[in-house]
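If you want the building blocks of each chain, they are given just below.
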Amino acid sequence: MRADMNVFQMNSPLMRGIRKIVELMYIGMLWFICSIPLVTLGAATAALYEVLLKAVKNQEGYLFKSFLRAFQNNFKQGTCIWLPIALAEVLFSVNLFYYGVLGGGNFVLQTVVFSVLLVLVTALSSYVFPIIAKFENTAMGHVRMAATLALRNPGWTAALVVIQILTLFAVWFFIYFPLLFIMGFSGYVQAVIFNHIFDRLIENGMIIEENGQRNR
């Protein structure tokens, strides 16, 4: 009986797991709400990663305040970087659909080209928002760093792209309902990967982190 009671104590593994699930759902909902205007999706995604990169290390603090503060701090750069990325993704997706689907197999070269371009932009966007959340730099500096890390870590880049594709599939398969919270879970898994990449860079002296705070 006492063992059963210990399972439901606040610090038991079960209760910590349930609390973590609820927190990730809450973060995912904050991301969804802040992304509704679409133009703010970049800032919301940067805020999502700023909170989740800390959550992986149990350093997230108060979720609502942390998310809103990160959203405000990352709004300008997140929006400036998100808009051209979104435009490129839409452009490449439309061309891929036109040549790959409507073309009926008559435009193989164009299909391959736009497929590669779409994957490259997706890989770039996978890195750039966590980088905005973690480091201070110019917008172009963030983009260059994202491109460099994507190319230097092909295995992790492929894993990140697969995670994002699976996330989109889950949203489509369950008729968009998971969109309300799924980014909390998907982002958390990706944050584990990004922390591994960033920590390795810091340990190797390639990036200097002062006083354990966000790099400025």
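Our subject is the structure that appears above.
Residues numbered from 1 in each chain as written. Predicted model: local features only at pLDDT ≥ 70, side-chain atom pairs only at ≥ 80, totals over all residues. Heavy atoms only, no water.

Draft legend 1. Here's a closer look at the overall build of the protein. For the protein, the helix and strand inventory stands at nine helices and zero strands. Listing every helix and strand of the protein by position from the N terminus yields α-α-α-α-α-α-α-α-α. The contacts in the protein between residues at least 6 apart in sequence include a share of 69% that link residues at least 24 apart. Accessible area for the protein stands at about 12600 Å²; split by element, carbon and sulfur atoms hold 70% of it. (Helix = DSSP H or I, 4+ residues; strand = E, 2+ residues; numbered from the N terminus. Contact = heavy atoms within 4.5 Å. Areas by Shrake-Rupley, 256 points an atom, 1.4 Å probe, with all protein chains shown as cover.)

Draft legend 2. Focus on unusual backbone geometry. In this model, Leu38 sits at a positive phi of 70°, which is unusual for a non-glycine residue. At Asn58, a residue that is not glycine, the phi angle is positive and equals roughly 60°. Of note, Asn58 is situated in the loop between helix 3 (41–55) and helix 4 (63–73).

Draft legend 3. Structural detail: a nonpolar patch on the surface. A cluster of nonpolar side chains, Phe169, Trp172, Phe173, Phe174 and Tyr176, forms an exposed patch at the surface whose accessible area comes to about 650 Å². Note on placement: Tyr176 falls in the loop between helix 8 (154–173) and helix 9 (182–203). Take Tyr176: its relative accessible area is 52%, and that puts it in the exposed class. (Patch = residues over 30% accessible without salt bridge, like charges linked within 9 Å, V, L, I, M, F, W, Y side chains within 5 Å. Salt bridge = Lys/Arg side-chain N within 4 Å of Asp/Glu carboxyl O. Buried < 20%, exposed > 50% of the residue type's maximum accessible area, 1.4 Å probe, protein only.)

Draft legend 4. Representation of helix 4 in the model. All of the buried residues along helix 4 are Leu63, Ser66, Phe67, Ala70 and Phe71. On an axial view of helix 4, the arc spanned by its buried residues comes to 130°, and they lie on one face. Turned more than 90 degrees from where helix 4 packs its buried face, Lys65 and Gln72 sit exposed. (Arc of directions from axis to C-beta.)

Draft legend 5. Inspection of the environment of Thr157 at higher detail. Structurally, the position occupied by Thr157 is in helix 8. Taking C-alpha positions, Thr157 is 8.0 Å from Ser126, a pair spaced 31 residues apart along the chain. Ignoring sequence-local partners within four residues, the contact set of Thr157 consists of Ala123, Tyr127, Leu149 and Ala150. Within the structure, Thr157 has its side chain in polar contact with the backbone oxygen of Ala150 (distance 2.8 Å). (Polar contact = N/O pair within 3.5 Å; in protein donor to acceptor, adjacent residues only side chain to side chain.)

All quantities given are derived from atomic positions and should not be read as evidence of function.
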